[in-house]
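# A look at the structure
Now for the letters of each chain:
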Amino acid sequence: MPVRDRGVVVTGAGHGIGRALAARLAAEGARVVVNDLDADAARRVAEEIGGHAAPGDAATEQGVTALVETARGHLGDVDIWFGNAGIDRGRGLDAGEAEWAASHEVNVMAHVRAARLLMPAWVERGAGRFVVTASAAGLLTTLGNPVYAVSKHGCVAFAEWLSATYRHRGIVVQAICPQGVQTRMLEHAGPLRELISRDGALTPEDVAEATWQALHDDRFLVLPHPRVADYYRHRAADTDRWLTGMNTLQRQLEDQGALR
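For the structure given in this document, a descriptive report is provided here. (Residues numbered from 1 in each chain as written. Predicted model: local features only at pLDDT ≥ 70, side-chain atom pairs only at ≥ 80, totals over all residues. Heavy atoms only, no water.)

## As for the overall build of the chain
Within the chain, the regular secondary structure consists of 11 helices and 7 strands. In terms of overall size, the chain behaves like a compact globule, its C-alpha atoms giving a radius of gyration of 18 Å where 260 residues would be expected to give roughly 18 Å. For the chain, the spread of C-alpha atoms along the principal axes amounts to about 55 × 40 × 30 Å. Among the 260 residues that make up the chain, the fraction classed as buried is 48%. (Helix = DSSP H or I, 4+ residues; strand = E, 2+ residues; numbered from the N terminus. Rg over C-alpha atoms; globule rule 2.2 N^0.38 Å. Buried < 20%, exposed > 50% of the residue type's maximum accessible area, 1.4 Å probe, protein only.)

## Regarding the sheet that holds strand β7 (residues 221-222)
With parallel pairing, the 7 strands of this open sheet are ordered in space as β3-β2-β1-β4-β5-β6-β7. Lying at the two open borders of the sheet, with one neighbouring strand each, are β3 (52-53) and β7. Sheet topology places strand β2 (residues 31-34) next to β3; 2 bridges connect them, and they run parallel. Counterpart to Val33 in the pairing with β3 is His52. Across the sheet, helix α1 (residues 16-27) is in contact with β1 (7-10), β2, β4 (80-83), β5 (128-133) and β6 (171-176); its angle to β1 comes to roughly 165 degrees. (Pairing = 2+ DSSP bridges. Contact = heavy atoms within 4.5 Å. Axes fitted to C-alpha atoms, helices over the stretch in contact; angles between N-to-C directions.)

## Let's talk about the nonpolar core
Ranked by internal contacts, the top residues of the largest apolar core, which has 42 residues, are Trp81 and Phe130. Those elements that place two or more of their residues in this core are α3 (61-75), α4 (97-125), β5, α5 (137-140), α6 (146-166), β6, α10 (227-237) and α11 (239-255). Considering each element in turn, this core owes the most residues, 7 residues, to α4. When near neighbours in sequence (up to four residues on either side) are disregarded, Trp81 contacts Val9, Thr11, Val64, Leu67, Val68, Ala114, Leu118, Trp122, Arg129, Phe130 and Val131. (Core = buried A, V, L, I, M, F, W, Y, C linked by side-chain atoms within 4.5 Å.)

## As for the packing of aromatic side chains
Per the counting criterion, the structure on display carries 3 aromatic pairs. Taking the centre distance of 6.3 Å and the plane angle of 15 degrees together, the rings of Phe158 and Trp161 count as stacked. A residue pair is termed a helical-turn pair when its members lie 3 or 4 positions apart in one helix, as Phe158 and Trp161 do in helix α6 at 3 residues. Relative accessible area serves as the criterion here: at 16%, Phe158 is assigned to the buried category. For Trp161, a relative accessible area of 47% translates into the label partly exposed. Among the aromatic residues, those joined into a cluster by ring pairs are Phe158, Trp161 and Tyr166. (Phe/Tyr/Trp six-rings, centres within 6.5 Å; stacked < 30°, edge-to-face > 60°.)

## Focus: the pairing of β6
Looking along a regular strand, one sees the side chains alternate between the two faces of the sheet. In terms of residue burial, β6 counts as a mostly covered element, since 6 of its 6 residues are buried. Burial of the side chains of β6 extends over both faces: Ile171, Val173 and Ala175 are buried on one face and Val172, Gln174 and Ile176 on the other. Pairing between β5 and β6: 6 bridges, direction parallel. Counted as the bridge partner of Val131 is Gln174 from β6. Two strands pair when backbone bridges link them, and β6 and β7 are joined in this way by 2 bridges, in the parallel orientation. In the sheet register, Ala175 faces β7, and the bridge partner there is Leu221.

## Comments concerning the side chain of Asp36
Assignment of secondary structure puts Asp36 in the loop between β2 and α2 (39-49). For Asp36, a relative accessible area of 10% gives the class buried. Here the side chain of Asp36 touches Gly14 through a polar contact of 2.8 Å, landing on its backbone nitrogen. A polar contact is formed between the side chain of Asp36 and the backbone nitrogen of Asp38, at a distance of 2.8 Å. Each residue touching Asp36, except ones within four places of it in the same chain, is listed here: Gly12, Ala13, Gly14, His15, Ala42, Ala54, Pro55 and Gly56. (Polar contact = N/O pair within 3.5 Å; in protein donor to acceptor, adjacent residues only side chain to side chain.)

## Notes on unusual backbone geometry
Of note, Asp5 is a non-glycine position whose phi angle comes to about 70 degrees, a positive value. Structurally, the position occupied by Asp5 is in the segment before β1. Using a relative accessible area of 52% as the deciding quantity, one classes Asp5 as exposed. Despite not being glycine, Asp218 shows a phi value in the positive range, around 65 degrees.

In structure tokens:
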């Protein structure tokens, strides 16, 4: 899919996967608006790639509205939206109400709010692309952190709904679902780091390249770790067997003192 001169927004682009996506798209000639809550990081990345910095909170209704208005003012039209910003909060059932609420806001509602603003114009012109950075946890669940697993399941579910609802209108929706990626989130994963990285921890640039390739065939699921497709099939074919296997991993981690 040619992106030269297309108007692109990447949220959470100050670091990690978002930064790599912004850089890859800019290298292909896209006009990129770089968003991040970290204003200094957003400006630094924008300067590095020749993009336009639009720092701010891309999750709140007010924040995403301001971002879309800024992007349209700079780009004219937003052709492609990468909802990449995400958070990982809380552990186990001890996670508090604030951690659940914040994760739902950033990992789910940010996409809902962006779609509300973008879809009407895209439907009218019959074209648009909405890409979310979800996680393999959104397809398979994860251990130790129900907050992340549930919110990323919600992220994937919303993207599925968008695709089912709007694909006949010329709108492409895609969900990036990596496992371990060498980002700050993995660094802070603690005892779960080894489990998350069991199929290898990719670089953000690896994920950006896999996403770039997926832009050319419009596949819904972007799986930088190919094994995730096998896991997803196994989970669907025999859910109880899959959950039994996950519980085996849970018990092993408990025996190692990594989880309780």
